[in-house]
Amino acid sequence: MILLFLVIAAAALLLVLGFEMFLVLGVPALMVKEFFYGNLPDPVVVQKVLGGINHTTLLAIPFFILAAELMGQGQIARRLTGFVKAMVGHTRGGMGYTTIGGSMAFGSVSGSAPATVAAMARMVYPEMRAAGFRERFSLGLIVSSAETALLIPPSITFIIYGWMTGTSVAKLFVGGLAVGLTLGLAFAIMVAVEARRSGIERGTALSWGARLAALREAGWALGMPVIILGGIYSGYFTPTEAAAVSVVYAIFVEAFVFRELTFRKLFAVTERAAISTSIIFILLAMGGLLSYFITLAQVPAFITGFLESVNAGPIFFLVVVNVTFLIAGMFIDPNSALLILVPPLYPVAMALGIDPVHFGMIVTLNISIGMITPPFGLDLFVASSTLSKPVLSIVAGVWSFIATNIAVLLIITYVPGISTFLPWLVFG
């Protein structure tokens, strides 16, 4: 346990001091090597770093990131949101439901919460304010709804978790659909309550002709989730192949159908996607090294032995998991928390008979909460930059949503059927 605490403390200190992500995980890993495994040959370190990213499953990540950038800068995101608004925008609190549905729709083709915040914030914030929603609630809903991108497939977090644990990514995608819809429903209840409290009236419903027109306009955009999810669930694509197809489809639609994508825009989008991909792969590479040292230190065996000594079962263990991730999410980058905490905790979960898909849903929902939890929630800063709002204003709006997240987390944790029923139904 000294090893685990040393890694977490060093990573947290470097993150607070503002160091680059390579140092946040790299320095603690090298510290562990020098202090605990000084006789280990240096080439082993290089092998583990490279081995941390030498996996075909991870090829899906750069493709999904590039597809998300293409859609966020083009027409696909706008048309998906426009279609959702045409369907539910006239209801009491309709712009709130549009924000949730639009975030889910964009998340279903991007897998990235920060990309969803950046794409949705400019589109829906002015309309939410015009519809009568309070600023604090509007900011909180926009940031929190983007969490569904980590749960609604395809999800980059699921891909990383599947790579780390050997769990089927396709099963994680199916399970995430149910969990993402559950979280979206909880947010929709909050919108309904806020709409009544603020006295927001119903809007004028569009005619069915106008709704069909919105459907036609969004037809090519809706084709993206159909191709990705349909291909994966039917077994025609692997998640990695689906990610590659999503990029080709996005380029084709934006360049030749909507005629929005030029070579200059494509170059700029590709550059941003490459930077984002590099950051994630540096984390994965150093995380692979940390995982190796955690395994050498037999941290999972220590945790299992401790739980057995106090006669703790799955219920208590999952309480520990949730509390650990929630605290880590406050101080450590969520992806770093994933890479540091899953290697010691996953074997214990398996020893206690917890379904790997269920455990993946718990971990990912915790990661989602970490994305909006002060002081280091990444989505808070993305929203602040996108909307030119002070971070403190956004933080003030997320507290009620964090409470709702925790309530949903408890439900997902102790009602495993929500996570496992659809994977069992689809894959048996």
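Analysis parameters
Residues numbered from 1 in each chain as written. Predicted model: local features only at pLDDT ≥ 70, side-chain atom pairs only at ≥ 80, totals over all residues. Heavy atoms only, no water. Buried < 20%, exposed > 50% of the residue type's maximum accessible area, 1.4 Å probe, protein only. Helix = DSSP H or I, 4+ residues; strand = E, 2+ residues; numbered from the N terminus. Contact = heavy atoms within 4.5 Å. Polar contact = N/O pair within 3.5 Å; in protein donor to acceptor, adjacent residues only side chain to side chain. 1 Å grid on protein atoms, 1.4 Å probe; cavity = no way out; pocket = protein on both sides within 12 Å on 5 of 7 lines; lining within 4 Å. Points joined across faces, edges and corners; volume = space filled by probe spheres on them. pLDDT = per-residue confidence, 0-100.

**Describing helix H8 (residues 135-145)**
Working step 1: Buried residues dominate H8, accounting for nine of its eleven residues.
Working step 2: For H8, the complete set of buried residues consists of Phe-137, Ser-138, Leu-139, Gly-140, Leu-141, Ile-142, Val-143, Ser-144 and Ser-145.
Working step 3: The inward-facing, buried residues of H8 contact helix H6 (94-110), helix H7 (113-131), helix H10 (169-197), helix H19 (378-387) and helix H20 (391-414).

**A look at the side chain of Glu-69**
Working step 1: Considering the arrangement of structural elements, one finds Glu-69 in helix H4 (residues 60-73).
Working step 2: When its relative accessible area of 17% is taken as the criterion, Glu-69 is described as buried.
Working step 3: For Glu-69, the side chain forms a polar contact with the side chain of Arg-272, separated by 3.3 Å.
Working step 4: Apart from residues lying up to four places away in sequence, Glu-69 is in contact with Val-269, Arg-272 and Ala-273.

**Some details on empty space enclosed by the protein**
Working step 1: This model, assessed by the stated rule, comprises one cavity of 30 Å³ or more.
Working step 2: Approximately 30 Å³ is the volume found for the largest cavity.
Working step 3: In this structure, the largest cavity is lined by Phe-325, Gly-329, Pro-334, Ala-337, Asn-366, Ile-367 and Gly-370.
Working step 4: Elements represented by at least two residues in the lining of the largest cavity include exactly helix H16 (314-331), helix H17 (334-351) and helix H18 (356-370).
Working step 5: Considering each element in turn, the lining of the largest cavity owes the most residues, three residues, to H18.

**Notes on the confidence of the model for the chain**
Working step 1: In the predicted model, the chain carries a mean pLDDT of 82, and the fraction of residues at 70 or more is 91%.
Working step 2: Across the chain, the element-wise mean pLDDT spans from 61 in helix H1 (residues 2-16) up to 93 in H18.

**Some remarks on unusual backbone geometry**
Working step 1: With phi around 55 degrees, Arg-259 is a residue other than glycine that occupies positive phi space.
Working step 2: Relative to the assigned elements, Arg-259 resides in the loop between helix H13 (239-257) and helix H14 (263-296).
Working step 3: Phi angles above zero are rare outside glycine, and Ser-388 is one such case at about 55 degrees.
Working step 4: For Ser-388, the location among the structural elements is in the loop between H19 and H20.
Working step 5: With relative accessibility at 66%, the residue Ser-388 sits in the exposed group.

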